[in-house]
Amino acid sequence: EAPPAITRTLQTPPQTADAKTVEQGMALFHRYCVNCHGDAGVSGGVLPDLRYSNVLSDSGLFQKIVHDGLLRETGMVGFGSELSKEQIEAVRSYIVHRAHETLAQQSQKE
């Protein structure tokens, strides 16, 4: 018997960042995050696909995870020594942007 299908919901909090911030976030994501979380934020399935993360809508919690290392014990180290809080917010803005792009692509297919 096949295992039940896992349904995931894209997280699309409001996109409040400007294009320059999203572009900066893309560059930072591809420098620091791509090896684990996938090209353009599309995970290969082993580690979380951040476009589906409930944390996207909570900037403070995102900071605690990415800056402070809140999930260090599960393998997500903190990047506070490499990235400022503003840079981490730019990364979050990029992931939000990618979630909105993915939702638009899915809507076109339906």
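Above this text is the structure in question.
Residues numbered from 1 in each chain as written. Predicted model: local features only at pLDDT ≥ 70, side-chain atom pairs only at ≥ 80, totals over all residues. Heavy atoms only, no water.

## A few points about the state of the cysteines
As enumerated under the stated definition, the model contains zero disulfides in all. Note on Cys 33: no disulfide assigned, nearest cysteine sulfur contributed by Cys 36 at a separation of 8.6 Å. (Disulfide = S-S within 2.5 Å.)

## Notes on the nonpolar core
Membership of the largest hydrophobic core comes to 17 residues, with the highest contact counts inside it found for Phe 29, Phe 62, Val 66, Val 91 and Ile 95. Secondary structure elements with two or more residues in this core: helix H1 (19-32), helix H3 (59-66) and helix H4 (85-109). Per-element tally for this core: the top contributor is H4, with five residues. (Core = buried A, V, L, I, M, F, W, Y, C linked by side-chain atoms within 4.5 Å. Buried < 20%, exposed > 50% of the residue type's maximum accessible area, 1.4 Å probe, protein only. Helix = DSSP H or I, 4+ residues; strand = E, 2+ residues; numbered from the N terminus.)

## Here we look at H4
Compared with an ideal rise of 1.5 Å per residue, which puts 25 residues at 36 Å, H4 spans 36 Å between its outermost C-alpha atoms and is within 8% of the ideal. When we look at burial in H4, the residues that qualify are Ile 88, Ala 90, Val 91, Arg 92, Ser 93, Tyr 94, Ile 95, Val 96, Arg 98, Ala 99 and Thr 102. (Expected span 1.5 Å × (residues − 1).)

## A few points about the packing of H1 against H4
Contact pair H1 / H4: the axes reach a minimum separation of 7 Å and the direction vectors enclose 100°. Judged on the interaxial angle alone, H4 and H1 are roughly perpendicular. Between H1 and H4, the contacting residues are Thr 21, Val 22, Gln 24, Gly 25, Met 26, Leu 28, Phe 29 and His 30 on the first element and Gln 87, Ala 90, Val 91, Ser 93, Tyr 94, Ile 95 and His 97 on the second. Of the residues belonging to the contact of H1 with H4, the class tally is eight nonpolar, seven polar and no charged. (Axes fitted to C-alpha atoms, helices over the stretch in contact; angles between N-to-C directions. Parallel < 35°, antiparallel > 145°, perpendicular 65-115°, else oblique. Contact = heavy atoms within 4.5 Å. Nonpolar A, V, L, I, M, F, W, Y, C, P; charged D, E, K, R; others polar.)

## Some remarks on unusual backbone geometry
Positive phi outside glycine occurs at Ala 40, with the angle close to 55°. Position of Ala 40 among the secondary structure elements: in the loop between helix H2 (34-37) and H3.

## Things to note about the layout of surface pockets
Volume-wise, the largest pocket comes out at about 500 Å³. In terms of lining residues, the largest pocket is bounded by 22 residues, among which His 37, Pro 48, Leu 50, Ile 65 and Met 76 are the most central. Of the residues forming the lining of the largest pocket, the biggest block, three residues, is contributed by H3. Tallied by class, the residues present in the lining of the largest pocket amount to 18 nonpolar, four polar and no charged. (1 Å grid on protein atoms, 1.4 Å probe; cavity = no way out; pocket = protein on both sides within 12 Å on 5 of 7 lines; lining within 4 Å. Points joined across faces, edges and corners; volume = space filled by probe spheres on them.)

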